[in-house]
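If you want the building blocks of each chain, they are given just below.
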Amino acid sequence: MDIASTPLELVRQKIARAAKIARREAQDVTLIAVSKTHPAHQITPLLDQGQRVFGENRVQEAQEKWPELREKYAGVELHLIGQLQSNKAEDAVQTFDVIHSLDRPSLLKALAKAMDAAGRRVPCFVQVNIGDEEQKGGCAIAELPEFLEQARAANIPIAGLMCIPPAEIEPAPFFAFLAKLAEDNGLEGLSMGMSSDFETAIMQGATHVRVGTALFGERG
Ligand SMILES: *Cc1c(COP(=O)(O)O)cnc(C)c1O
């Protein structure tokens with residue numbers, strides 16, 4: 001029987017279990033601990049337990065919080081999971097190691113320029129509007145092949161696809177659809193699954209799960 005003494009251990013156990021059922025290796029699933037809104041003193045316990053991959057949704061918050069933590073803990077990898085404005089592209093490229101929210105041509109141009117200026121290529125997931133929701137960010141499904149072509153032409157490394165499925169509906173079909181789109185476009189990375197559905201996402205092929213509440217508790 002598994003006994004988890006911390007939320008991080010419990011989430012890791014759940015990842016391992018879901019991977020095992022899906023005949024996958026747990027190490028092929030990267031846990032992104034989403035630390036947005038949580039202050040440094042709530043993050044250090046996870047760092048002390050060996051967690052090194054974290055997600056933030058705002059550039060400015062990450063710039064304020066992480067330099068000091070990075071000085072104390074080697075090997076931190078920071079992922080931007082929130083919407084990015086073009087005028088923050090330069091800051092984002094300097095602060096983050098992976099960007100999960102590449103979703104429109106204007107941002108593509110800004111990021112390409114920022115990466116050229118910084119001399120640093122930051123891998124990006126293309127966020128897909130998988131539920132075809134009007135109010136939601138993300139590249140439209142029909143425009144994905146052309147957008148990927150533009151990204152490659154701009155020399156932006158594409159890590160894979162990312163989605164946030166519609167709320168209050170069973171997410172599994174949307175995860176499966178994102179996996180199909182990735183396969184059709186020759187991409188391996190799949191950033192999908194949050195606290196309430198990361199095990200489902202792993203069974204549908206997620207390579208990156210973005211988990212906040214299950215690790216840190218409710219956001220204030
Ligand atoms: C906040 C956030 C998460 C984490 O959500 P939880 O339900 O707290 O696990 C994951 N992905 C994105 C894009 C987010 O903004």
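The shown structure was predicted, so the numbers you read here are calculated from the model rather than taken from an experiment.

Before we go on, may I ask you to explain the overall build of the protein in this structure?
Broken down by element type, the protein carries nine helices and eight strands. Since a compact globule built from 220 residues should have a radius of gyration of about 17 Å, the 17 Å found for the protein is in line with a globular shape. Taken along the three principal axes of its C-alpha coordinates, the protein extends 50 × 40 × 30 Å. Partitioning the contacts of the protein with sequence separation of at least 6, the portion at a separation of at least 24 is 57%. Within the structure as shown, the protein displays about 11,000 Å² of accessible surface, and the carbon and sulfur contribution to it stands at 48%. When the 23 positive and 30 negative side-chain charges of the protein are each reduced to one mean point, those points stand 3 Å apart.

Would you mind going over the site of the ligand with me for this structure?
In the vicinity of the ligand, the contacting residues are Val34, Lys36, Ile81, Met162, Ile164, Met194, Ser195, Arg210, Val211, Gly212, Thr213 and Arg219. Between Thr213 and the ligand, the recorded distance is 2.5 Å, taken from a side-chain N or O atom to an oxygen atom. At 2.8 Å from an oxygen atom of the ligand is found a side-chain nitrogen or oxygen belonging to Arg219. Protein chains bury 89% of the 390 Å² of accessible surface belonging to the ligand in isolation. Its residues placed into classes, the shell around the ligand shows six nonpolar, three polar and three charged.

Sorry, what's going on with the nonpolar core here?
A general tendency of soluble globular proteins is for nonpolar side chains to be buried together. One finds Leu102 and Leu111 to be the most contacted residues of the largest nonpolar core, which totals 65 residues. Take this core: its biggest share by element is seven residues, from helix 5 (residues 105-118). Every residue in contact with Leu111, bar those within four places of it in the chain, is listed here: Leu84, Ala89, Val93, Ile99, Leu102, Cys124 and Ile156.

Could you clarify how one ought to interpret the UniProt feature "modified residue: N6-(pyridoxal phosphate)lysine" (unreviewed entry) in the protein in this entry?
The UniProt record annotates "modified residue: N6-(pyridoxal phosphate)lysine" (unreviewed entry) at Lys36. Structurally, Lys36 is set in the loop between strand 1 (30-34) and helix 2 (40-48). Residue classification places Lys36 among the buried positions, given a relative accessible area of 18%. Not counting chain neighbours up to four residues away, the residues in contact with Lys36 comprise Gly55, Glu56, Asn57, Glu61, Lys65 and Arg219.

Got a minute to help me understand unusual backbone geometry in this structure?
Leave glycine aside and you will find that most residues have negative phi; peptide bonds, for their part, are mostly trans. Within the chain, Arg23 stands out as a residue other than glycine whose phi angle is a positive 55°. Following the sequence through the fold, Arg23 ends up in the loop between helix 1 (7-21) and strand 1. Of the residues examined, Arg23 reaches a relative accessible area of 73% and is grouped as exposed.

Could you clarify how one ought to interpret the environment of Gln150 in this entry?
One can find Gln150 in helix 6 (residues 144-153). Contact partners of Gln150, with chain neighbours within four places excluded, come to Pro105 and Leu108.

Would you take a moment to explain helix 6 for this structure?
Helical geometry note: an α-helix holds 3.6 residues per turn, so side chains three or four residues apart project in the same direction. Those residues of helix 6 lying buried are Leu144, Phe147, Leu148 and Ala151. One face of helix 6 carries all of its buried residues, which in axial projection span an arc of 100°. Seen from the buried face of helix 6, the exposed residues on the opposite side, beyond 90 degrees, are Glu146, Glu149 and Ala153. Contacts made by the buried residues of helix 6 are with strand 4 (98-102), helix 5, strand 5 (124-127), strand 6 (158-162) and helix 7 (172-184).

What is the right way to look at the pairing of strand 2 (residues 53-56) in this model?
For a regular strand, the rule is simple: side chains alternate between the two faces of the sheet. Side chains Val53 and Gly55 of strand 2 all project onto a buried face; the interleaved residues Phe54 and Glu56 project onto the opposite face, where all are buried too. By the bridge criterion, two bridges tie strand 1 to strand 2 in an arrangement that is parallel. Its bridge partner being in strand 2, Ala33 is matched across the sheet by Phe54. Assessed by its sense of winding, the connection that carries the chain from strand 1 through helix 2 to strand 2 is right-handed. Across four bridges, the pairing between strand 2 and strand 3 (residues 77-80) is parallel. The partner of Glu56 across the bridge, within strand 3, is Leu80. This β-α-β element, strand 2 to helix 3 (residues 59-72) to strand 3, shows right-handed connectivity.

Thresholds applied
Residues numbered from 1 in each chain as written. Predicted model: local features only at pLDDT ≥ 70, side-chain atom pairs only at ≥ 80, totals over all residues. Heavy atoms only, no water. Helix = DSSP H or I, 4+ residues; strand = E, 2+ residues; numbered from the N terminus. Rg over C-alpha atoms; globule rule 2.2 N^0.38 Å. Contact = heavy atoms within 4.5 Å. Areas by Shrake-Rupley, 256 points an atom, 1.4 Å probe, with all protein chains shown as cover. Lys, Arg positive; Asp, Glu negative; His and termini not counted. Charge placed at Lys NZ, Arg CZ, Asp CG, Glu CD. Near = heavy atom within 4 Å. Polar contact = N/O pair within 3.5 Å; in protein donor to acceptor, adjacent residues only side chain to side chain. Nonpolar A, V, L, I, M, F, W, Y, C, P; charged D, E, K, R; others polar. Core = buried A, V, L, I, M, F, W, Y, C linked by side-chain atoms within 4.5 Å. Buried < 20%, exposed > 50% of the residue type's maximum accessible area, 1.4 Å probe, protein only. UniProt positions renumbered as here; feature names shortened; annotations may be inferred. Arc of directions from axis to C-beta. Pairing = 2+ DSSP bridges. Right-handed = clockwise from strand over helix to strand, strands pointing away.

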